[in-house]
Amino acid sequence: MNAPTPEKIIEVRNLVKRYGDAVVHDGLNLDVYRGEVLSIVGGSGTGKTVLLRQIVGLERPTSGTIKVFGETPATLRPAQLQALRNRWGLQFQRGALFSALSVIDNIALPMRELRALPDNLICQAALLKLQLVGLSARDADKMPSDLSGGMIKRVALARALSLEPELVFLDEPTAGLDPMASDDYVALIRELRTELGLTVVMITHDLDTLVALSDRVAVLADHKVLAAAPIAEVIKVDHPFIHEYFLGERAQRAMQALAVPPHGEA
Ligand SMILES: Nc1ncnc2c1ncn2[C@@H]1O[C@H](COP(=O)(O)OP(=O)(O)O)[C@@H](O)[C@H]1O
Ligand SMILES: [Mg+2]
């Protein structure tokens, strides 16, 4: 039996992004398929965040095209762009939570903005999301300043999931977490991905996170996606960044984990 061809839900073609004379992307191509976890790696300042910001329509490409679910964010009117944005969740590195809002109000915010449900239902839905990310109703009224780093990431994730998206974007989701909190977060993403059938596009520096979660890895270097493939193939590409990132001593240790199937039934 032939496996069905996976549906392409993001398509980036010949993307060029410049700020004045500074070239960030120059002829970048990338595809993302439904149901996969695609990780984006690259040196600091190579344009990983700028790529995500263009995909979600927060910034316009200088030239080239980006399609998400068949739509082109850069050409949509605000109402259409908002409807498209409701199909994905974002957890960006900065601007994690609103410090003046409680945990539950942070999670409820996207639903309140949509005004599609009465508030008592929104509160119930937000509580369910809170539990989905491994927190309890006791945490609902806490303020962000009362939370640990790991809890903040979980609440931000719950908020990203509040509109039940098919697709989530995570920008350095484990940055700043200690190794244990980071492992817990990785386990959570793996679980949710299976339970909710999510497509995940994730930027990460962290090799353990990368190895544990990725179906494919896209390597950003020289203003392009140098390779987008399973890790085992990516490491064969002859490029200084790939050598340094995947084949260093620390990297080799993380890669040992590859010997254990990363999606094994745990
Ligand atoms: N709004 C902006 N104006 C000018 N330059 C920017 C802007 N946003 C990002 N850049 C530059 O684009 C490059 C890529 O940034 P970024 O995508 O944040 O890198 P990273 O790969 O570390 O996420 C950096 O050199 C950054 O300084
Ligand atoms: Mg970044």
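Here the structure is a predicted model, which means the values were calculated and not measured.

Caption draft 1: Main features of the overall build of the protein. Summing up its helical and strand segments, the protein has 10 helices and 9 strands in all. Taking 2.2 N^0.38 as the reference for a compact globule, 266 residues should give roughly 18 Å; the C-alpha atoms of the protein span a radius of gyration of 19 Å, in line with that estimate. Projecting the C-alpha coordinates of the protein onto the three principal axes gives extents of approximately 55 × 45 × 45 Å. Taken across its 266 residues, the protein has 34% of its residues classed as buried. Across the protein, every contact between residues at least 6 apart in sequence was considered, and the portion connecting residues at least 24 apart equals 65%.

Caption draft 2: Looking closely at the environment of Ala22. Within the secondary structure, Ala22 is located in strand S2 (residues 22-33). In this structure the C-alpha to C-alpha distance between Ala22 and Ser182, which are 160 residues apart in sequence, comes to 34 Å.

Caption draft 3: Structural context of the packing of helix H5 (residues 149-160) against helix H6 (residues 179-196). One can describe the packing of H5 onto H6 by two numbers: an axis separation of 9 Å at closest approach and a directional angle of 20 degrees. With respect to each other, H5 and H6 are oriented roughly parallel. In this structure, H5 crosses over H6, and the sense of that crossing is right-handed. Across from Gly149, Gly150 and Lys153 in H5, the residues of H6 making contact are Ala181, Asp184 and Tyr185.

Caption draft 4: Region of the structure containing the domain arrangement of the protein. When its domains are assigned, the protein resolves into domain 1 (7-87 + 167-215 + 224-260) and domain 2 (98-164). Contacts between the two partners involve 9 residues from domain 1 and, on the opposite side, 8 residues from domain 2. Looking at the side of domain 1 that touches domain 2 residue by residue, the classes come out as 6 nonpolar, 2 polar and 1 charged.

Rules used in this analysis
- Residues numbered from 1 in each chain as written.
- Chains lettered and ligands numbered in written order.
- Predicted model: local features only at pLDDT ≥ 70, side-chain atom pairs only at ≥ 80, totals over all residues.
- Helix = DSSP H or I, 4+ residues; strand = E, 2+ residues; numbered from the N terminus.
- Rg over C-alpha atoms; globule rule 2.2 N^0.38 Å.
- Buried ≥ 20, exposed ≤ 12 C-beta atoms within 10 Å, placed from the backbone.
- Contact = placed C-beta atoms within 7 Å.
- Axes fitted to C-alpha atoms, helices over the stretch in contact; angles between N-to-C directions.
- Parallel < 35°, antiparallel > 145°, perpendicular 65-115°, else oblique.
- Left-handed = near helix turned anticlockwise from the far one by under 90°.
- Domains from an automatic or database assignment.
- Nonpolar A, V, L, I, M, F, W, Y, C, P; charged D, E, K, R; others polar.

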